[in-house]
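Understanding the architecture of this molecule
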Amino acid sequence: MALRVDQISKTFDSDDARRSTHQVFDQFTLDIADGEFVAVLGPSGCGKTTLLRMIAGFDRPDAGRVIFDGSDVTGPASDRVVVFQQPGLFPWMDVRHNVAFGLQLGRRRIDWRPVDEILATVGLSEFAGHAPYELSGGMQQRVALARSLVMRPKMLLMDEPFAALDAHLRHAMQVFLRELWVEFRTTVLFITHDVEEAIVLAERVVVLGSNPGRILGELDARDVHPSSADLLDNADYRRLRHRAIELLGELP
Ligand SMILES: Nc1ncnc2c1ncn2[C@@H]1O[C@H](COP(=O)(O)OP(=O)(O)OP(=O)(O)O)[C@@H](O)[C@H]1O
Ligand SMILES: [Mg+2]
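What you are looking at is a predicted structure, and each value in this text was computed from that prediction instead of being measured. (Residues numbered from 1 in each chain as written. Chains lettered and ligands numbered in written order. Predicted model: local features only at pLDDT ≥ 70, side-chain atom pairs only at ≥ 80, totals over all residues.)

1. What to know about the site of ligand 1
Keep this limit in mind: As a rule, any residue with its backbone-derived C-beta atom within 6 Å of a molecule or strand is reported as near that molecule or strand. Here a helix means four or more residues in a row that DSSP labels H or I, a strand means two or more in a row labelled E, and each is numbered from the N terminus. Any residue outside Ala, Val, Leu, Ile, Met, Phe, Trp, Tyr, Cys, Pro, Asp, Glu, Lys and Arg is labelled polar, Gly included; the first ten of those are nonpolar and the last four are charged.
Near ligand 1 lie 13 residues; those nearest to it are Phe12, Ser44, Lys48, Thr49 and Thr50. Of all the secondary structure elements, the ones that give two or more residues to the shell around ligand 1 are strand S1 (3-15), strand S2 (20-32) and helix H1 (48-56). Broken down by element, the residue count for the shell around ligand 1 peaks at three residues, all from H1. Here the shell around ligand 1 is built from residues that sort into three nonpolar, nine polar and one charged.

What follows is the structure in structure tokens.
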């Protein structure tokens, strides 16, 4: 088991004046196997980002444990890297130095070989010397992915990484991410509130509900891929989509 989220609870103070609290999770449990690609699908505010932050080690649960690769998560580490909706590149560094950033920390010399390899993998070798602002949004997001992958993380934690992209680019990035996953078999937790995105990308879709965040159901989506021909003609896709919408309680 790569990741075990074991009976975690998390409460926030939602209103200081009225001293009310909001319980986002109450003894929530989720297991993710080594090399698995899991999407967490759920409505806004159900706790997806909170969950990801606790797995990343940015935040701690009030109770319960997050166990990664056999050890308790007590803080961020380079074996679990996060890719956010915004690429968050350093504007004063060129693409190559942005990608090298994590490798460089605490070292005097950078090994440029893995940096240049990963730039080739994401198709951006010829932009290595460019500044981030000279790249499109999709290219910037590929740089952000490269910056994460160059660390050879055991797990990628992705919080709606393609939400800011237009539909065409978003599809291209889905195909690309899926290809990367087939090649690297990194364990992926991908957060989205987009039903189609969850189904095409992941092998397993975990559907969350709110108040408190809980698993409403799971879908086996191994048979549908970003490159699957016309999704609307795809019976597997239609069945999974119907089930997801049913679980989310959004059927008309
Ligand atoms: N630092 C915080 N302080 C207080 N409340 C918080 C904090 N972080 C999250 N919350 C609350 O916890 C709940 C879950 O938030 P979270 O950001 O995890 O939702 P989400 O599922 O990621 O939503 P979205 O799809 O909109 O990104 C929300 O009600 C939010 O207001
Ligand atoms: Mg969120």
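2. Focus: the domain arrangement of the protein
What counts, and what does not: Just so you know, the domain bounds were taken from an automatic or database domain assignment. Residue pairs qualify as contacts under a 7 Å threshold applied to their C-beta atoms, which are placed from the backbone.
Assigned domains of the protein: these are domain 1 (3-79 + 155-247) and domain 2 (91-152). Distance between the C-alpha centres of domain 1 and domain 2: 26 Å. Listed by partner, the interface residues are nine residues for domain 1 and six residues for domain 2. Here the side of domain 1 that touches domain 2 takes three residues from helix H5 (residues 167-184), the largest share from any one element. Each residue belonging to the side of domain 1 that touches domain 2 can be placed in one class, and the counts come to eight nonpolar, one polar and no charged.

3. Things to note about the sheet that holds S2
Here is the rule: In this description, strands pair whenever DSSP reports at least two bridges between them. Only the stretch in contact is used when fitting a helix axis, every axis being a line fitted to C-alpha atoms; angles between N-to-C directions are given from 0 to 180 degrees.
Strands sit in the order S2-S1-S4-S5 across an open sheet of four strands; the sheet is antiparallel. Edge positions in the open sheet fall to S2 and strand S5 (71-72), since each of these has one partner strand only. In the sheet, S1 pairs with S2 via nine bridges, with the strands oriented antiparallel. The residue of S2 that forms the bridge with Asp13 is Thr21. The sheet contacts of H1 involve S1, S2 and strand S4 (63-68), and relative to S1 the element is tilted by about 125°.

4. Some points on the packing of helix H4 (residues 137-149) against H5
Our working rule: Throughout this description, any angle smaller than 35 degrees is read as roughly parallel, any larger than 145 degrees as roughly antiparallel, any in the 65 to 115 degree range as roughly perpendicular, and the remainder as oblique. Take the far helix as your reference; a near helix turned counterclockwise from it by less than a right angle gives a left-handed crossing, and one turned clockwise gives a right-handed crossing.
Orientation of H4 relative to H5, taken along the N-to-C sense of each, is 25°, at an axis distance of 10 Å. If you check the angle between H4 and H5, you find them roughly parallel. When the axes of H4 and H5 are compared, the crossing they make is right-handed. Residues Gly137, Gly138 and Gln141 of H4 lie in contact with H5, whose contacting residues are Leu169, Ala172 and Met173. Each residue belonging to the contact of H4 with H5 can be placed in one class, and the counts come to three nonpolar, three polar and no charged.

5. Quick look at the pairing of strand S8 (residues 187-192)
Spelled out, the test is: Three exposure classes are used, all based on how many other C-beta atoms lie within 10 Å of a residue's own C-beta (placed from the backbone): buried at 20 or more, exposed at 12 or fewer, and partly exposed between those limits. A crossover gets the label right-handed when its path from the first strand over the helix to the second runs clockwise, viewed with the strands pointing away from the viewer.
The element S8 is largely enclosed, with a buried count of six among its six residues. Neither face of S8 is left uncovered, since the one carrying Thr187, Leu189 and Ile191 and the one carrying Val188, Phe190 and Thr192 both have all their residues buried. Two strands pair when backbone bridges link them, and strand S3 (residues 37-41) and S8 are joined in this way by five bridges, in the parallel orientation. Looking at the pairing, Val38 lines up with Leu189 of S8. Where strand S7 (residues 155-159) and S8 come together, five bridges link them in parallel fashion. Bridge pairing links Asp159 to Ile191 in S8. As a crossover connection, the stretch from S7 through H5 into S8 is right-handed.

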